[in-house]
Structures are given as structure tokens and as C-alpha cells.
Amino acid sequence: MEDEKNLEQNKTEEPLSPGARTAITGIFGGIFWSLLGYLAYLFNFTKVPPNVILEPWLIGDWKNGVLGQFISIFTLGLISIMVAFGYMAILRKFEKLYVAMGFGLVLWGLVFLVLNPIFPGIDPIKDMDINTLVTTLCLFVLYGTFIGYSISFEAAQLAQEPEPNYSNE
């Protein structure tokens with residue numbers, strides 16, 4: 001009987017911690033929505049490519065090529081981990097969709113209004129064309145919805161689960 005408990009197939013896997021789940025949600029959300037932003041840029045829906053994140057800090061024309069775009073997408077995925085932890089710390093208790101959408105709008109405002117002066121590749125709001133404005137707003141709202149709703153759902157699921165019993169009883 002004791003041998004049956006120790007068999008590999010009878011062991012259960014420990015679930016990921018909430019921090020690990022948040023990090024995975026953040027990096028996946030950042031990479032996925034940045035890739036969609038890059039596609040929107042390639043199809044001329046927006047004039048803001050992902051590589052605007054590199055412009056203030058790196059020198060060279062390489063960042064304008066495909067390599068620069070993909071490095072930017074990965075960088076945005078890493079930044080997105082911090083954004084996801086911020087959402088987890090502040091807003092995870094809210095299970096409403098409009099809270100997550102509002103979070104995306106706040107992020108858009110942060111990037112396009114507050115941080116706009118440090119990104120030379122982003123035109124001021126008054127100079128943006130309507131396609132760029134609408135596309136970036138939609139991408140940020142969808143990104144915020146993905147991050148916010150995923151983290152709120154996980155938090156609600158964890159609140160319903162009983163605490164794991166790690167004793168040998």
C-alpha cells in the first residue's frame with residue numbers, strides 16, 4: 001500500500017503560486033497584445049510601433065527593423081509582468097469587466113498623455129490621426145481587460161479553494 005502512494009502516477013502536482021500565475025498572465029498578455037499592436041502597425045491601423053519603447057534608451061537604426069520590433073515586444077512582455085502585479089496588488093478584488101476595461105484606459109492615458117514626452121515616436125494626441133487613436137485605445141482596453149479579468153478570475157478561484165493540507169495524515 002505504501003508503494004502505491006509513491007508511484008509517479010499517483011502523485012499530484014502542486015498548483016502554481018498566485019505570483020507565478022500573475023507573472024505568466026503578465027508576460028503572455030504583454031507579448032500577445034504587443035504582437036497584435038505590431039500587426040496593426042504593419043497593416044497601417046496605427047502609426048505607433050512596439051519599438052517606441054526602445055527609442056529613448058537605445059541608439060542605432062537596428063531598433064527600427066524586425067529584430068528591434070521583436071526585442072521591443074519581449075521588453076513589453078517583461079514590463080507587463082510589473083503591470084499585472086500592480087493590478088493584482090490594487091484591483092484584484094474587483095470582478096467587474098468595466099474595472100478591467102477602465103484599467104486599460106488608465107494605462108493608455110499614462111502612455112499617451114503622461115509619458116508621451118519621453119517617447120519621440122508617439123505624436124501628441126492633437127496630432128494623431130483617428131485610426132491610430134482608435135486602434136491604440138482598443139488595444140489598451142483589450143489588454144487591460146485580459147490582464148484584469150484574468151487576475152480577478154484567479155483571485156476569485158483561489159478564494160473559493162480550501163487551503164491545501166500538507167500534513168501526512
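Keep in mind the model is a prediction, meaning the values are calculated, not measured. (Residues numbered from 1 in each chain as written. Predicted model: local features only at pLDDT ≥ 70, side-chain atom pairs only at ≥ 80, totals over all residues. Heavy atoms only, no water.)

### Some points on the pattern of salt bridges
Thought 1: Overall, the coordinates contain three salt bridges when judged by the stated rule.
Thought 2: Among the ionic pairs, Arg21 bridges to Glu154, the shortest N-O distance being 2.6 Å. One end of the pair, Arg21, is in helix 2 (residues 18–42); the other, Glu154, is in helix 5 (residues 130–160), with 133 residues separating them in the sequence.
Thought 3: Owing to a relative accessible area of 27%, Glu154 belongs among the partly exposed residues under this scheme.
Thought 4: Across the pair Lys47 and Asp129 runs a salt bridge whose closest N-O atoms are separated by 3.6 Å. With Lys47 in the loop between helix 2 and helix 3 (66–91) and Asp129 in the loop between helix 4 (97–114) and helix 5, the pair connects residues that are 82 residues apart, well separated along the chain.
Thought 5: A relative accessible area of 28% places Asp129 in the partly exposed class. (Salt bridge = Lys/Arg side-chain N within 4 Å of Asp/Glu carboxyl O. Helix = DSSP H or I, 4+ residues; strand = E, 2+ residues; numbered from the N terminus. Buried < 20%, exposed > 50% of the residue type's maximum accessible area, 1.4 Å probe, protein only.)

### Details of unusual backbone geometry
Thought 1: The residue Asn44 is not glycine, and still its phi comes out positive at about 60°.
Thought 2: With a relative accessible area of 63%, Asn44 lands in the exposed category.

### Description of a nonpolar patch on the surface
Thought 1: Among the surface-exposed residues, Trp57, Leu58, Trp62, Leu67, Ile71, Leu110, Leu113, Val114, Leu115 and Ile118 lie close enough to one another that they form a single nonpolar patch of about 940 Å² accessible area.
Thought 2: Put simply, the parts of the chain that give the nonpolar patch at least two residues each are helix 3 and helix 4.
Thought 3: Considering each element in turn, the nonpolar patch owes the most residues, three residues, to helix 4.
Thought 4: With respect to the secondary-structure elements, Val114 resides in helix 4. (Patch = residues over 30% accessible without salt bridge, like charges linked within 9 Å, V, L, I, M, F, W, Y side chains within 5 Å. Areas by Shrake-Rupley, 256 points an atom, 1.4 Å probe, with all protein chains shown as cover.)

### Structural notes on helix 2
Thought 1: Taking 1.5 Å of rise per residue, the 25 residues of helix 2 would be expected to cover 36 Å, and the 36 Å separating its terminal C-alpha atoms lies within 8% of that figure.
Thought 2: Taken together, the buried positions of helix 2 are Arg21, Thr22, Thr25, Gly26, Gly29, Gly30, Trp33, Ser34, Gly37, Tyr38 and Ala40.
Thought 3: Taken together, the buried residues of helix 2 touch helix 3 and helix 5. (Expected span 1.5 Å × (residues − 1). Contact = heavy atoms within 4.5 Å.)

### Here's the deal with the packing of aromatic side chains
Thought 1: Under the definition given, this model contains eight aromatic pairs.
Thought 2: Residues Tyr38 and Phe70 carry aromatic rings whose centres are separated by 5.9 Å and whose planes lie at 75° to one another, so their mutual orientation is edge-to-face. Here Tyr38 is found in helix 2, whereas its partner Phe70 is found in helix 3, with 32 residues between them in sequence.
Thought 3: Classification of Phe70 by relative accessible area gives partly exposed; the value is 43%.
Thought 4: A centroid spacing of 4.8 Å and a plane angle of 75° characterise the contact between Tyr87 and Phe103, whose relative ring orientation is edge-to-face. Placement of the pair is Tyr87 in helix 3 and Phe103 in helix 4, with a sequence separation of 16 residues. Exposure class is identical for Tyr87 and Phe103. Each is buried.
Thought 5: Three or more aromatic residues link up through ring pairs in this structure, and these residues are Phe28, Phe32, Trp33 and Phe146. (Phe/Tyr/Trp six-rings, centres within 6.5 Å; stacked < 30°, edge-to-face > 60°.)

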